[in-house]
Amino acid sequence: MIAPHASSTPARTVRKAVVPAAGLGTRFLPATKATPKEMLPVVDKPAIQYVVEEAAAAGLDDVLMVTGRHKRAIEDHFDNAVELEQALAAKGDAVRLDAVRDPARLANIHHIRQGEPLGLGHAVLCARRHVGDQPFAVLLGDDLIDPRETLLSRMLDVRERHAGSVVALMEVAPEQIHLYGCAAVEPTGERDVVRVTGLVEKPSPPDAPSGYAVIGRYVLDPAVFDTLERTPPGRGGEIQLTDALQEMATDGTVHGVVFDGLRYDTGDKADYLRTVVRLACDRDDLGPEFVAWLREFVAGLDGGAAAQGRRFAA
């Protein structure tokens, strides 16, 4: 891949990011039968491009994608498309030409395959040879963080000051905590930083140690690899990253950054649709017209399905 764009981000010890993208995407079948879930469009970019853009904006210029079989489309998206670029250049379509070239210019992007879907912990372990003995970030594609937020940069700063590992936490409603890993925490004196004393994968509400859910951003110490090597399969028969971090938290080396900003969940169909609508509404080129239509559409719902169908038929 060609060199990434220059960045004004201050130099840090963390330069590498790992993006696990080997899941089967079963919740989005049949769309994901032949198309990777990570390549489903969020407005006009695949979801995984938002994740790589976030990593690049935080100064992480080396990105390893852990993929699986039938994920070749991800590799192609972040590669050069010579014929397409030549066709757009010949037409003088500079805007679309830049859009096509941008994914390959975001970072130095590498790919490795996870031979079997054995869990997030196993996917992270697949990155060991590439990462080596350096700290690194892990970004999950189901969680999109609004580009105006600085969550990842904040986590990198906390890693610089405290060493160890850092997880992103977000307070969720009690009835939702069973969908996440959940952290037991204690204060540190900083408003948005806590020390993580324990982690539980997808607890029932009565068993949850707090209302803080672990969302899909991590900055991990390379010691996590040794821990993952000896972590037995946990919930779902998979090697859970949460279980490894639970062991590491016992010596006080895991911190959490509490995030209360804009996060978009693309993990299921309803959340995916909400994400597309919210991001489309925020676009300068699409938002005004789309919001006006959306207001009219929602108002028309009160008129009954038949009337609404006549008014808004494409």
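Everything in this summary refers to the structure shown in the same document. (Residues numbered from 1 in each chain as written. Predicted model: local features only at pLDDT ≥ 70, side-chain atom pairs only at ≥ 80, totals over all residues. Heavy atoms only, no water.)

Omega for the bond connecting Leu29 with Pro30 falls within 30 degrees of zero, at 10°, which places this linkage in the cis form. Following the sequence through the fold, Pro30 ends up in the loop between β1 (16-21) and β2 (41-42). Backbone geometry at Val43 places phi at a positive 65°, although glycine is not the residue there. Positionally, Val43 belongs in the loop between β2 and β3 (45-46). The exposure class of Val43 is partly exposed, given its relative accessible area of 24%. (Helix = DSSP H or I, 4+ residues; strand = E, 2+ residues; numbered from the N terminus. Buried < 20%, exposed > 50% of the residue type's maximum accessible area, 1.4 Å probe, protein only.)

All right, on to the pattern of salt bridges then. Counting across every chain of the model gives 27 salt bridges. Notably, a salt bridge pairs Asp76 with Arg72, separated by 3.3 Å at the nearest N-O pair. A residue pair is termed a helical-turn pair when its members lie 3 or 4 positions apart in one helix, as Asp76 and Arg72 do in helix α2 (residues 72-77) at four residues. For the salt bridge of Asp285 with Arg283, the shortest nitrogen-to-oxygen distance reads 2.9 Å. Taking the relative accessible area as the measure of exposure, Arg283 reaches 23% and is therefore partly exposed. When salt bridges that share partners are traced, they join Arg154, Arg161, Glu190 and Asp192 into one network. (Salt bridge = Lys/Arg side-chain N within 4 Å of Asp/Glu carboxyl O.)

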